[in-house]
Amino acid sequence: MRSYSTTILAHLFGILAIILLLVWLLHYREGIEYDSDNPLRVFNVHPFMMFFGFIFLVGQAILSYQTVPAPHQTQKVVHMTLHFIALILGIVGICAVFKFHDMVNLEDVYSLHSWIGLGTFCLFGLQWLFGLLFMLPASPQTRSAVAPWHRAGGRALFSMAIVAALTGLMEKSTVLKLAPHQRESHLINFTGLAILLFGVFVELSVGLV
């Protein structure tokens, strides 16, 4: 029951974060469009894809063992598929920020946010390939030996992705030089809190199993 409750809270905070992120990008930041001539609209593809397209779907993949009422093999297929979709959409998000930098002549990968984010994303790709061992006909001994490392590594990378999202919001808020009392500043803060709590309740859901 406790795990079920935390899973519901994880979904609620994840959906809340998506809604707040969309309000911020569409209402305050001119919208989302990868092929736009407006660099701001191109950049906005990055935060949207990196949370909804990557972090949120990775969280759903982690929770899939508790939310998909199906045999364990089916749960594993859903788990791997959601991770794969998240990686593809994450690539779109990363390409968007590189495109934005080219449009405004900014240096690439210069901030702590970009170091954490890009490093986490690359390690997630390796983690996904590593996870194929569970889909291939490996021996039970091999599976039991690597399973704890796979689970621990996945949870650590998920936490790193949350950190990357929060540092990204802080970096953007600093660049925009928003006054503390402005509504946009408050919206960014609430979005960050929703993302943080999404990560917290995903971790609690897994830990209570």
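This text follows the structure it describes.
These figures come from a predicted structure and were not determined experimentally.

A. Looking closely at the overall build of the protein. Summing up its helical and strand segments, the protein has six helices and zero strands in all. Starting at the N terminus and walking to the C terminus, you meet the elements of the protein as α-α-α-α-α-α. The C-alpha radius of gyration computed for the protein amounts to 18 Å, which stays within 12% of the reference 17 Å derived for 209 residues, consistent with globular compactness. Along the three orthogonal principal directions, the C-alpha set of the protein runs to about 55 × 35 × 25 Å. Burial statistics for the protein: of 209 residues in total, 44% are counted as buried. A fraction of 73% describes how many contacts in the protein between residues 6 or more apart in sequence connect residues 24 or more apart. Carbon and sulfur atoms make up 72% of the accessible area of the protein, which amounts to about 11,100 Å² in all.

B. Main features of the pattern of salt bridges. Tallied over the full model, the rule gives four salt bridges. A salt bridge links E203 to R155; its shortest N-O distance comes to 2.9 Å. Of this pair, E203 sits in helix 6 (residues 183-207) while R155 is found in helix 5 (residues 140-176), placing the two residues 48 residues apart along the sequence. Overall, E203 belongs to the buried group, its relative accessible area being 18%.

C. Representation of the nonpolar core in the model. Ranked by internal contacts, the top residues of the largest apolar core, which has 38 residues, are F51, F54, I55 and F158. Listed by contribution, the elements that provide at least two residues to this core are helix 1 (2-28), helix 2 (39-67), helix 3 (72-104), helix 4 (112-131), helix 5 and helix 6. For this core, the element with the most residues is helix 2, which contributes 10 residues. Excluding its chain neighbours within four sequence positions, the residues that come into contact with F54 are M49, A86, L87, G90, F121, F124 and A161.

D. Molecular detail of the environment of A17. Secondary-structure assignment places A17 in helix 1. For A17, a relative accessible area of 0% corresponds to the buried category. As for A17 and V202, which are separated by 185 residues in sequence, their C-alpha atoms are 14 Å apart. Look past the residues within four positions of A17 in its chain and what remains in contact with it is F51, T191, A194 and I195.

E. Broad picture of unusual backbone geometry. In the Ramachandran plot, N105 falls in the positive-phi region, its phi being about 55° despite a non-glycine side chain. When you line up the elements, N105 lands in the loop between helix 3 and helix 4.

F. How the structure looks around the packing of helix 2 against helix 6. For the pair helix 2 and helix 6, interaxial distance at closest approach is 9 Å and the crossing angle is 20°. Classed by the angle they form, the pair helix 2 and helix 6 counts as roughly parallel. With respect to the hand of their crossing, helix 2 and helix 6 are arranged in left-handed fashion. Between helix 2 and helix 6, the residues in contact are F51, I55, F56, G59, Q60, I62, L63 and Q66 and I195, F198, V202, S205 and V206, respectively. Class assignment for the residues of the contact of helix 2 with helix 6 results in nine nonpolar, four polar and no charged.

G. Geometry of the side chain of T120. Summarising the element assignment, T120 is placed in helix 4. T120 gets classed as buried once you look at its relative accessible area, which sits at 2%. The contacts of T120, once residues within four sequence positions are left out, are L157, M160 and A161.

H. Here's a closer look at the packing of helix 5 against helix 6. Where helix 5 meets helix 6, the axes come as close as 10 Å, and the angle between the chain directions of the two elements is 175°. Taken as axis vectors, helix 5 and helix 6 run roughly antiparallel relative to one another. Where helix 5 abuts helix 6, its residues R155, F158, S159, I162, A165, L166, L169, S173 and L176 lie against E184, I188, T191, G192, I195, L196, F198, G199, V202, E203, V206 and G207. Partitioning the contact of helix 5 with helix 6 into residue classes produces 12 nonpolar, six polar and three charged.

Reading the values: rules and limits
- Residues numbered from 1 in each chain as written.
- Predicted model: local features only at pLDDT ≥ 70, side-chain atom pairs only at ≥ 80, totals over all residues.
- Heavy atoms only, no water.
- Helix = DSSP H or I, 4+ residues; strand = E, 2+ residues; numbered from the N terminus.
- Rg over C-alpha atoms; globule rule 2.2 N^0.38 Å.
- Buried < 20%, exposed > 50% of the residue type's maximum accessible area, 1.4 Å probe, protein only.
- Contact = heavy atoms within 4.5 Å.
- Areas by Shrake-Rupley, 256 points an atom, 1.4 Å probe, with all protein chains shown as cover.
- Salt bridge = Lys/Arg side-chain N within 4 Å of Asp/Glu carboxyl O.
- Core = buried A, V, L, I, M, F, W, Y, C linked by side-chain atoms within 4.5 Å.
- Axes fitted to C-alpha atoms, helices over the stretch in contact; angles between N-to-C directions.
- Parallel < 35°, antiparallel > 145°, perpendicular 65-115°, else oblique.
- Left-handed = near helix turned anticlockwise from the far one by under 90°.
- Nonpolar A, V, L, I, M, F, W, Y, C, P; charged D, E, K, R; others polar.

Geometric values such as these leave the question of function open.
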